[in-house]
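Here is what each chain is made of, one letter per residue.
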Amino acid sequence: MSKPYTGFEPKWVKEAAPAKSYRSIFRWGDPEFVKYPKESLYKLMKEKFKMTDEDFSHYNGDIGMDEVKLDIPCNLDECHIRAFEEIAGKEFVTTEDYPRLAVAYGKTGYDALRLRDKRVDCVPDIVIYPDTTEQVEKIVAYCTEHNIPLYVYGGGSSVTRGVEPIKGGVSLDMRKRYDKVISFSEIDQTITVQSGMSGPKLEQVLNDAQKLFGAKRAYTCGHFPQSFEYSSVGGWVVTRGAGQNSTYYGCITDIVMGQKYATPIGTITTSHYPREATGPNLNQIMMGSEGTFGVLTEVTLKVFRYMPENRIRFSYIFKNWEIAMAAAREMMQCEAGYSSVFRLSDPEETNLMLRLYNVDETPLQKIFDIRGYKDMERCLFLGFTDGGKGYSKNVAKNIKRIAKQFGGMSLTSFVTKSWEKGRFNDPYLRDTLMDFGVITDTLECTVNWSNMAKVHKEVREVCHRLPNTIVTTHMSHCYPQGANLYFIFITKMSDADEFKRYHATILDAIQKSGAALSHHHGIGKMFAPWLEGQLGSREYGVFKVLKDYFDPSYNMNPGGTLGLDLNEEEKVLFKK
């Protein structure tokens with residue numbers, strides 16, 4: 001933290017989550033790492049949530065330090081277990097309690113709240129740790145032959161209930177062994193990897209390309225979601241994910257060159273060309289399928305030259321949201337190139353971020369007031385460039401020019417560097433606050449510039465209907481035609497069903513406002529009831545046809561993923 005507390009400090013849980021404990025499953029990431037609010041943020045939250053030091057003097061319910069123990073038997077016949085052991089090896093097949101629960105939930109607030117209450121709605125009957133594509137293909141074929149539900153767990157950072165094994169069966173845990181490089185081509189600037197490879201391992205491999213592959217230079221994957229440290233390549237692809245550097249490098253849909261799937265009808269291999277006019281693009285059809293067509297086994301990705309020495313960081317403050325949006329649009333439409341990170345916060349998020357990034361402890365805080373950048377009106381814009389030296393300098397020069405044109409004041413690189421330090425570890429704050437009954441979660445959508453203000457206003461109004469709630473918004477993936485809007489809500493809540501009802505009202509608002517339901521989080525089982533209503537019934541029918549072709553018995557990620565096996569009464573349909 002920036003400074004020690006001078007007054008009361010809550011008893012933040014700073015010790016590691018015990019091995020095989022509930023906490024080690026529901027908390028984010030590294031069991032040894034802890035992040036908690038600095039004192040000014042703590043005071044802000046107390047004021048906003050109408051809480052006192054007394055509320056933070058004791059934990060809100062169970063903090064999950066005890067060992068996982070379930071009373072849920074494996075319902076698979078012994079003959080099936082033996083068959084899976086023959087395929088993957090006996091030591092890589094388990095029916096033990098902890099491994100089953102460890103792959104049963106993702107990281108949405110609904111998951112965390114249920115696990116804190118030891119509410120286990122479902123677990124797989126068995127967990128398998130595959131090693132090769134051949135093993136995965138055999139497991140898919142066996143599950144198809146014997147009508148066994150099959151789920152896949154990649155990095156575990158799903159916020160849409162994408163991995164939840166509603167119908168039991170088998171869960172493939174890709175983390176242990178399924179993370180190898182298949183091939184690397186410096187000529188094509190591509191790498192092919194197993195789908196279970198984590199973000200950090202992929203990036204390290206590419207940074208070390210000279211040593212590992214005899215390459216002429218180092219490379220980067222260009223894909224850095226906030227979940228980077230605990231997400232997998234396969235998870236990025238099947239949810240159509242986006243990284244924080246996507247404005248320059250593109251989303252995963254722009255980076256994927258080829259895919260291989262083990263499906264109930266056999267192996268599906270897409271092509272690997274940069275462009276082709278050979279009918280509908282199979283790469284795009286398969287991406288976003290979230291395990292409902294089959295298991296993604298191998299992925300070929302574009303790679304990029306690693307040139308961090310050319311990076312130029314910037315940050316600006318604008319007087320209000322309207323001006324800031326206009327400036328951002330001009331930056332994206334001026335045809336002078338795109339920055340890598342491009343992040344604009346609305347007034348409420350700016351109020352919070354200036355504290356989180358320690359700007360409130362600098363002389364800048366006083367300068368804002370003097371120059372007319374008022375609290376709860378001003379908007380923080382930050383980012384950095386990547387690419388060749390000349391390109392990077394030109395992008396930064398034009399951003400500076402446009403920011404000045406729209407009355408933006410430079411904050412130098414200080415704020416951006418502070419943001420970079422926390423860009424992957426901010427999720428740890430959620431666990432710390434949930435120990436005291438304060439929950440943080442997110443929803444995001446895609447808008448055009450023409451309806452951005454409308455969506456921003458209408459969705460935030462619904463979020464704020466819950467009293468004493470902080471609702472922040474930013475755009476962080478931008479295009480000449482629009483951007484995403486990313487909503488974060490922080491409120492006092494500890495009941496899972498109450499959370500789910502509140503979450504549903506926000507999804508209602510996103511759909512009614514005319515935005516796309518998800519920009520990069522995917523759909524899973526949590527957003528699925530709204531999907532057909534957003535796309536249109538005829539359009540959604542294409543998904544059903546594909547599902548019936550690839551998986552006619554509906555054994556691949558069943559239980560509502562993409563809404564493909566929902567009953568009509570479970571769907572949320574609005575007239576367009």
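What counts, and where the lines are drawn
- Residues numbered from 1 in each chain as written.
- Predicted model: local features only at pLDDT ≥ 70, side-chain atom pairs only at ≥ 80, totals over all residues.
- Heavy atoms only, no water.
- UniProt positions renumbered as here; feature names shortened; annotations may be inferred.
- Pairing = 2+ DSSP bridges.
- Helix = DSSP H or I, 4+ residues; strand = E, 2+ residues; numbered from the N terminus.
- Axes fitted to C-alpha atoms, helices over the stretch in contact; angles between N-to-C directions.
- Contact = heavy atoms within 4.5 Å.
- Phe/Tyr/Trp six-rings, centres within 6.5 Å; stacked < 30°, edge-to-face > 60°.
- Buried < 20%, exposed > 50% of the residue type's maximum accessible area, 1.4 Å probe, protein only.
- Core = buried A, V, L, I, M, F, W, Y, C linked by side-chain atoms within 4.5 Å.
- Domains from an automatic or database assignment.
- Parallel < 35°, antiparallel > 145°, perpendicular 65-115°, else oblique.
- Left-handed = near helix turned anticlockwise from the far one by under 90°.
- Nonpolar A, V, L, I, M, F, W, Y, C, P; charged D, E, K, R; others polar.
- Patch = residues over 30% accessible without salt bridge, like charges linked within 9 Å, V, L, I, M, F, W, Y side chains within 5 Å.
- Areas by Shrake-Rupley, 256 points an atom, 1.4 Å probe, with all protein chains shown as cover.
- Salt bridge = Lys/Arg side-chain N within 4 Å of Asp/Glu carboxyl O.

Where an unreviewed UniProt entry is consulted, the protein chain appears under the name Alkyldihydroxyacetonephosphate synthase, with the organism given as Clostridium cadaveris. In its Sequence similarities (unreviewed entry) section, the UniProt entry covering the protein chain states "Belongs to the FAD-binding oxidoreductase/transferase type 4 family."

With that settled, consider the sheet that holds strand β4 (residues 170-173). Strand order in the open sheet formed by four strands is β1-β2-β4-β3, and the pairing between neighbours is mixed. A strand with exactly one partner marks an edge of an open sheet, and here the two such strands are β1 (93-94) and β3 (150-153). Both β1 and strand β2 (residues 126-128) contribute to a ladder of two bridges, which runs antiparallel. The residue of β2 that forms the bridge with T94 is V127.

Across the sheet, five strands lie side by side as β5-β6-β10-β8-β9; this open sheet has antiparallel pairing. Bordering the open sheet on either side are β5 (181-185) and β9 (266-269), each of which pairs with just one other strand. Neighbour to neighbour, the strand axes of the sheet diverge by 10° on average, direction disregarded. Here strand β6 (residues 190-194) runs beside strand β10 (residues 295-302); their pairing, made up of five bridges, is antiparallel. When the bridges of β10 are listed, V193 appears paired with V299. Contacting β6, β8 (256-263), β9 and β10, helix α6 (residues 133-145) crosses the sheet at an angle of about 45° to β8.

What follows covers the packing of aromatic side chains. In total, this model carries 27 aromatic pairs according to the counting rule given. For the pair W12 and Y36, a centre-to-centre distance of 5.9 Å together with 20° between the ring planes defines the contact as stacked. Here Y36 lies in the loop between α1 (22-26) and α2 (39-49) and W12 lies in the segment before α1, a separation of 24 residues in the sequence. Just as W12 is buried, Y36 falls in that class too.

Time to look at the nonpolar core. Inside soluble globular proteins, nonpolar side chains tend to come together where they are buried. Ranked by size, the top nonpolar core spans 59 residues in total, and within it M331, F381 and M475 carry the most contacts. If we ignore the near neighbours within four places in the chain, the residues touching M475 are W321, M325, A328, F342, R343, L344, W449, M452, A483 and N484. One finds L382, L411, V415 and V438 within the second-largest nonpolar core, a separate group that totals 34 residues.

According to the domain assignment, the protein chain contains domain 1 (78-173), domain 2 (181-305), domain 3 (308-422) and domain 4 (527-575). Between domain 1 and domain 3, the C-alpha centre-to-centre distance is 43 Å.

This part covers the UniProt feature "site: Important for enzyme activity" (unreviewed entry) in the protein chain. When the UniProt feature table is mapped onto this chain, "site: Important for enzyme activity" (unreviewed entry) is found at R343. Examined against the element boundaries, R343 turns out to sit in strand β13 (residues 341-345). Those residues in contact with R343 that sit more than four places away from it in its chain are E349, Y357, L380, F381, L382, W419, H474, M475 and S476.

Let us look at the packing of α2 against helix α14 (residues 347-356). Between α2 and α14, the shortest axis-to-axis distance is 9 Å and the interhelical angle comes to 150°. Classified by the angle between their axes, α2 and α14 sit roughly antiparallel to one another. Relative to α14, α2 is oriented so that their crossing is left-handed. Along its contact with α2, which presents S40, L41 and L44, the element α14 presents N351, L352, R355 and L356. For the contact of α2 with α14, the residue count by class is four nonpolar, two polar and one charged.

A surface patch of nonpolar side chains, amounting to about 220 Å² of accessible area, comprises V181, L212 and F213. Mapped onto the elements of the fold, F213 is located in helix α8 (residues 209-213).

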